[in-house]
Amino acid sequence: MGQRIQEWWFGLPRQRQLLAVLGGIGVLVIGGWLMLHQPASAALPAAIPPATTSSGRVQSTTSGHPQAASQASSHDTRVFVDVQGAVNHPGLYQFSPEMRVADAIKATGGLVARADRQQINLATRLTDQQQLYLPLKGEKRPATATSSSTPASSGSGTSANSSSGSATVVNLNTATVTDLQQLTGVGAKKAQKIVDYRTEHGSFQSVADLAQVPGFGEKTVANLQDQLTTS
């Protein structure tokens, strides 16, 4: 059988042999191309149901944890100050804890021309919920407004008594020389010593620290205890 095919093949003209070889190659090429490009059946995506709570609602993965939220609020260091008086743009402003009255004045567009610079202590540190009032020349500071919850300290360093409103309490950390002279037995010189000590050493941690200021003994501080505060 093989010998007959061989005799038949060699008996063909040269041109037919060439055509037969080319035809066989063509069949192999087309068959291989069809096998490689046969479309594969697309796999259906797996259906994954959303995570649900026991009530059937979709559970959010971005909702904050109550405990984490309370911890974040406890570390809130923002200071909100109501700046009023002799500034170009009075209003409520947000500051960082280390900022001073000078920063508040800058944030509000600066002092107006009639501002009484002598009554303004630029070095005073700002405190949260503070009402900072900057007076005009010849103007007396208005009585400090008291909220329904806690008394708000003014930029002058005085605050009204929340029960009767009659007693004046001076804040050692925000009061000016003029404010400090409201204290019993404290004149301009002693008041200036308090401001100078505060500027050099920083805020008073307690009223008892006043005894470290020259001219103020423990007995004097004890007599002034009810008229002073540091917060």
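Computed from a prediction, not measured in an experiment: that's the story for all the values here.

A.B. asks: An account of the overall build of the chain is requested, with residue identities and associated values reported.
C.D. replies: Counting its secondary structure elements, the chain contains seven helices and six strands. The linear arrangement of helices and strands in the chain, starting from the amino end, is α-α-α-β-β-α-β-β-β-α-α-α-β. Scored against the burial criterion, the 231 residues of the chain give a buried share of 29%. A separation threshold of at least 6 residues defines the contact pool for the chain, and within that pool the share at least 24 residues apart is 39%. Approximately 15,800 Å² of the chain is accessible, and the part contributed by carbon and sulfur atoms is 56%.

A.B. asks: Hey, could you go over helix H6 (residues 188-201) for me, with residue numbers and the actual values?
C.D. replies: The end-to-end C-alpha separation of H6 is 20 Å, in line with the 20 Å expected for 14 residues at 1.5 Å each. Buried within H6 we find Ala191, Ile194, Val195, Tyr197 and Arg198. Take H6 and look down its axis: the buried residues cluster within an arc of 160°, on one side only. Structural note: H6 exposes Lys189, Thr199 and Glu200 on the side pointing more than 90 degrees away from its buried face. Elements in contact with the buried residues of H6: strand E5 (168-171) and helix H5 (177-180). Gly202 sits one or two positions beyond H6 and adopts a positive phi of about 95°.

A.B. asks: Account for unusual backbone geometry, naming residues and giving values.
C.D. replies: The backbone of Gln129 shows a phi angle near 70°, a positive value even though the residue is not glycine. Here Gln129 lies in the loop between helix H4 (101-107) and strand E3 (130-134). According to the relative accessible area criterion, Gln129 is exposed, its value standing at 52%.

A.B. asks: Describe the packing of aromatic side chains, with residues and values.
C.D. replies: Considering all chains together, one arrives at two aromatic pairs under this definition. Summarising the aromatic geometry, the rings of Tyr197 and Phe204 are spaced 5.5 Å apart at their centres and angled 25° between planes, so their arrangement reads as stacked. Given the relative accessible area of 14%, Tyr197 is considered buried. Looking at Phe204, the relative accessible area reads 4%, which means it is buried.

A.B. asks: Summarise the pairing of strand E2 (residues 91-95); cite the residues concerned and give the values.
C.D. replies: Here five bridges tie strand E1 (residues 79-85) to E2, and the two strands are oriented antiparallel to one another. In the strand pairing of E2, Val83 is matched with Gly91. What sits between E1 and E2 in their antiparallel hairpin is a turn of five residues.

A.B. asks: Hey, could you go over the confidence of the model for the chain for me, with residue numbers and the actual values?
C.D. replies: Here the chain averages 73 in pLDDT, and 67% of its residues register 70 or above. Per-residue pLDDT stays below 50 along residues 41-74; that stretch engages in six contacts with residues further than four places along the chain or on separate chains. Predicted confidence for residues 144-156 stays below pLDDT 50, and this span has 32 contacts to residues more than four positions away or in other chains.

A.B. asks: Lay out the sheet that holds E3 with the relevant residues and their values.
C.D. replies: Overall, mixed pairing links the three strands, which are arranged E2-E1-E3 in an open sheet. Both edges of this open sheet fall to E2 and E3, since each of them pairs with a single strand only. Strand-to-strand twist of the sheet, defined as the mean angle between neighbouring strand axes without regard to direction, takes the value 30°.

A.B. asks: An account of the nonpolar core is requested, with residue identities and associated values reported.
C.D. replies: Within the largest apolar cluster, 18 residues are counted, with the highest numbers of intra-cluster contacts made by Leu180, Ile194, Leu210, Phe216 and Leu228. When residues of this core are traced back to their parent elements, those giving at least two are H6 and helix H7 (218-224). Residue contributions to this core peak at four residues, all from H6. Ignoring anything within four residues of it in the chain, the contact list for Ile194 reads Leu172, Leu180, Phe204, Leu210, Val213 and Phe216.

A.B. asks: Mind laying out the environment of Leu224, listing which residues take part and the relevant values?
C.D. replies: Topologically, Leu224 is positioned in helix H7. By relative accessible area, which is 2% here, Leu224 ends up buried. When the C-alpha atoms of Leu224 and Gly185 are compared, they prove to be 9.1 Å apart, with 39 residues separating the residues in sequence. In contact with Leu224, not counting residues within four places along its chain, are Leu183, Thr184, Val186, Leu210 and Phe216.

A.B. asks: Explain the pairing of E3 to me, and be specific about the residues and the numbers.
C.D. replies: Judged by how many residues are buried, E3 sits mostly within the fold: five of five residues are covered. Going residue by residue along E3, you find Gln130, Leu132 and Leu134 tucked away on one face and Gln131 and Tyr133 tucked away on the opposite face as well.

Each value, and the rule that gives it
- Residues numbered from 1 in each chain as written.
- Predicted model: local features only at pLDDT ≥ 70, side-chain atom pairs only at ≥ 80, totals over all residues.
- Heavy atoms only, no water.
- Helix = DSSP H or I, 4+ residues; strand = E, 2+ residues; numbered from the N terminus.
- Buried < 20%, exposed > 50% of the residue type's maximum accessible area, 1.4 Å probe, protein only.
- Contact = heavy atoms within 4.5 Å.
- Areas by Shrake-Rupley, 256 points an atom, 1.4 Å probe, with all protein chains shown as cover.
- Expected span 1.5 Å × (residues − 1).
- Arc of directions from axis to C-beta.
- Phe/Tyr/Trp six-rings, centres within 6.5 Å; stacked < 30°, edge-to-face > 60°.
- Pairing = 2+ DSSP bridges.
- pLDDT = per-residue confidence, 0-100.
- Axes fitted to C-alpha atoms, helices over the stretch in contact; angles between N-to-C directions.
- Core = buried A, V, L, I, M, F, W, Y, C linked by side-chain atoms within 4.5 Å.

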